[in-house]
Amino acid sequence: MTSIRVRIGILGLALLAGSAVPASPAAAATTPSATVEEQRLDRAVPREILERSGFDAVPLRFTRALGTARSYAEARKVVVRQGSALWKRAVDRAQGRGPAGGDLSRDDDRPLYWARLGMTREVRTWEPSFGLTETQRAALLGELERTSRGQTAVRYPGGDRLKRVLVTGFDPFTLDRDIRISNPSGASALALDGTVIETAEGPARVETVVFPVRWQDFTDQTVERALRPYLKKVDLFTTVSQGRVGRFDVERTNGAWRGGFPDNDNVGVTGSVPVADPASQPQWTTTTLPYKAIADADTGRFPVYDNTSVTEIPAGGTVPVVRADGPTAGSTARAGGGGNYLSNEIAYRVTLLRDRLGLHDVLPGGHVHTPVLEFGAGNTDPATGTVTDPGFVRNRLDIIAQVRTILVVAVEKAT
C-alpha cells in the first residue's frame, strides 16, 4: 500500500449483512449505522465471492448465535468464539484443510474479508433487548476484530528447536476502484499462518496476523497492542503489504508522515504518525532485515529491490524532495520508501516499537512490499470483468510462494 505518488492501478471489493430497519423516525435517530466499508456489502461481487467459497453462511450463522445472547457477557462469548472460528476457517481453507466450500480458489483472501464485514456490521447495528452501551458495543467490535484477524491466535512452541517468525498482512483496499480486489499480503498471511519453513539454520515457525486498512485503527494503537507481546519472543518479523506493479521491495527506511490517501472508510488523514511519547518520536526508522541478501537471492518470478528512496523536507527547507539514497540529517519525513500510506505506517510503528524495546541490534525486522496482484489479460475492466481468472490465481500463488522464500532467505542470512 504505497503513497499516491507510487500507487498504480490497485483494485477493490464488497459484501452483505443483515440489519434491522428502524420502526419509526424517532428510532432512526439513535439506531447505529453501518460504516462506509460495511455498506459495500450490498454489492453483487462480494455476494458472489462469499457464495463461491461457502463463506456466505458465516454472517448468517453469527447473526443467529448473537440472537441467542441474553446479556452482554453472553454476547461477548459468542463474538470471541465466532471470530476465532472465522480466522481458523480461513486459514484451514487456504492451507487445504476441510472442504473448499465452492469453486473459488483456496488461496483467496477475500472470503475472510467480506465475511468479517458481515459480522462487524451485525454487531454495529444490533439492538438486543437487554440493551448495549456504546462502550460495550465498541468492546464487542474490538473482540471481533482481534479474533478474526488472528491477533489472539499467535502460538509458538516452547524450547529452542524452532526459529520464531512473525508476519503481518492487510485487508483488500482501494475498494471503490475495483470491487474485486484481493490483497496478496493477506493471502500470504493465511497461507503461512502456523506453518514451518525449512531453512539452512533449521526449521522456523511462522505466525501471522492481518490488519485493517483504516487510519483510525492505527491511531488507536491496534498495531502496538497486537504485536508488543511477541516482539521480545520472536527471531524475525516482517510486515507485508501490496506495493508496486511487477516487483517486490524491501523498504530500507520508514517515515513518520501520513499522506492522506483515503482508507477503506474513505477517510484521509494527513500529518505526523501519532504514537505514544511523541516528544521522543524520530522522523525515520530503518529496516534490520538482511535486505541486500534478500534482493540478491533468487526467490521467485518477480525481481526484488532494496529500495532506499524517501521523500523529505531537508533541514532548514520547506519543499519536499525525493532522495534516492535515503534521508539526510535533520530532515522531516514526507514519505518512506514504502510511501506515506498505511503500509509505511505499519513498518514505522513496528520498527519504532522494536527500537523502543531495545531490540534494534538483535531483532531483524522491516517491511516487504509485494507486487500488485493483477487480473489476467482481458479481465481488467472492473465493470465487466469476472471475480477471478487463471492468471489472477497464478499471480497470487506466485506472490505467496515468493513471500515464503523471502522469509527463508531472511532467516538464514539474519542468523
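The structure reproduced in this document is the subject of the present report. The shown structure was predicted, so the numbers you read here are calculated from the model rather than taken from an experiment. (Residues numbered from 1 in each chain as written. Predicted model: local features only at pLDDT ≥ 70, side-chain atom pairs only at ≥ 80, totals over all residues. Heavy atoms only, no water.)

Considering the pairing of strand E4 (residues 236-242)
- Most of E4 is tucked away: 7 of the 7 residues are buried.
- Examined bridge by bridge, strand E1 (residues 163-170) and E4 share 4 bridges and lie parallel to one another. Bridging across to E4, Thr168 finds its partner in Thr239.
- With 6 bridges connecting them, E4 and strand E14 (residues 365-370) associate as parallel partners. Looking at E14, one finds that Phe237 is bridged to Gly365. (Buried < 20%, exposed > 50% of the residue type's maximum accessible area, 1.4 Å probe, protein only. Helix = DSSP H or I, 4+ residues; strand = E, 2+ residues; numbered from the N terminus. Pairing = 2+ DSSP bridges.)

Quick word on the pattern of salt bridges
- Applying the stated criterion across every chain yields a total of 33 salt bridges.
- We note a salt bridge from Glu134 to Arg137, for which the minimum N-O separation is 3.8 Å. Of this pair, Glu134 and Arg137 both sit in helix H7 (residues 134-148), 3 residues apart, which is roughly one turn of that helix.
- On the accessibility criterion, Arg137 (6% relative accessible area) is buried.
- Salt-bridge contacts for Glu143 lead to Arg146; the nearest nitrogen and oxygen are separated by 3.8 Å. Here the residue Glu143 and the residue Arg146 both occupy positions in helix H7, the gap between them amounting to 3 residues, near one helical turn.
- Counted as one network, the salt bridges with shared partners bring together Glu37, Arg116, Glu145, Arg149, Asp171, Arg214 and Asp217. (Salt bridge = Lys/Arg side-chain N within 4 Å of Asp/Glu carboxyl O.)

Concerning the environment of Phe62
- One can find Phe62 in helix H4 (residues 57-67).
- Since its relative accessible area comes to 0%, Phe62 is described here as buried.
- Sequence separation between Phe62 and Ala115 is 53 residues, and the spatial gap between their C-alpha atoms is 9.9 Å.
- Residues within four places of Phe62 in sequence aside, it is in contact with Val78, Val79, Gln82, Met119, Glu122, Val123 and Leu144. (Contact = heavy atoms within 4.5 Å.)

Some thoughts on the layout of surface pockets
- Taken as a whole, the largest pocket spans an internal volume of roughly 530 Å³.
- What lines the largest pocket is a set of 28 residues, among which Arg124, Glu145, Arg214, Asp217 and Asp220 lie closest to the centre.
- Those elements giving two or more residues to the lining of the largest pocket turn out to be helix H2 (36-39), helix H6 (110-125), H7, helix H9 (215-219) and helix H10 (222-231).
- Here the element with the most residues in the lining of the largest pocket is H7; it accounts for 7 residues.
- Split by residue class, the lining of the largest pocket holds 7 nonpolar, 6 polar and 15 charged. (1 Å grid on protein atoms, 1.4 Å probe; cavity = no way out; pocket = protein on both sides within 12 Å on 5 of 7 lines; lining within 4 Å. Points joined across faces, edges and corners; volume = space filled by probe spheres on them. Nonpolar A, V, L, I, M, F, W, Y, C, P; charged D, E, K, R; others polar.)

Brief notes about the sheet that holds strand E13 (residues 332-335)
- The antiparallel open sheet is built from 3 strands, whose spatial order is E12-E11-E13. Across the chains shown, the open sheet's two edge strands, defined by having one partner strand only, are strand E12 (321-323) and E13. Strand-to-strand twist of the sheet, defined as the mean angle between neighbouring strand axes without regard to direction, takes the value 45 degrees.
- Pairing between strand E11 (residues 310-313) and E13: 3 bridges, direction antiparallel. Paired with Ile313 across the strands is Thr332, a residue of E13. (Axes fitted to C-alpha atoms, helices over the stretch in contact; angles between N-to-C directions.)

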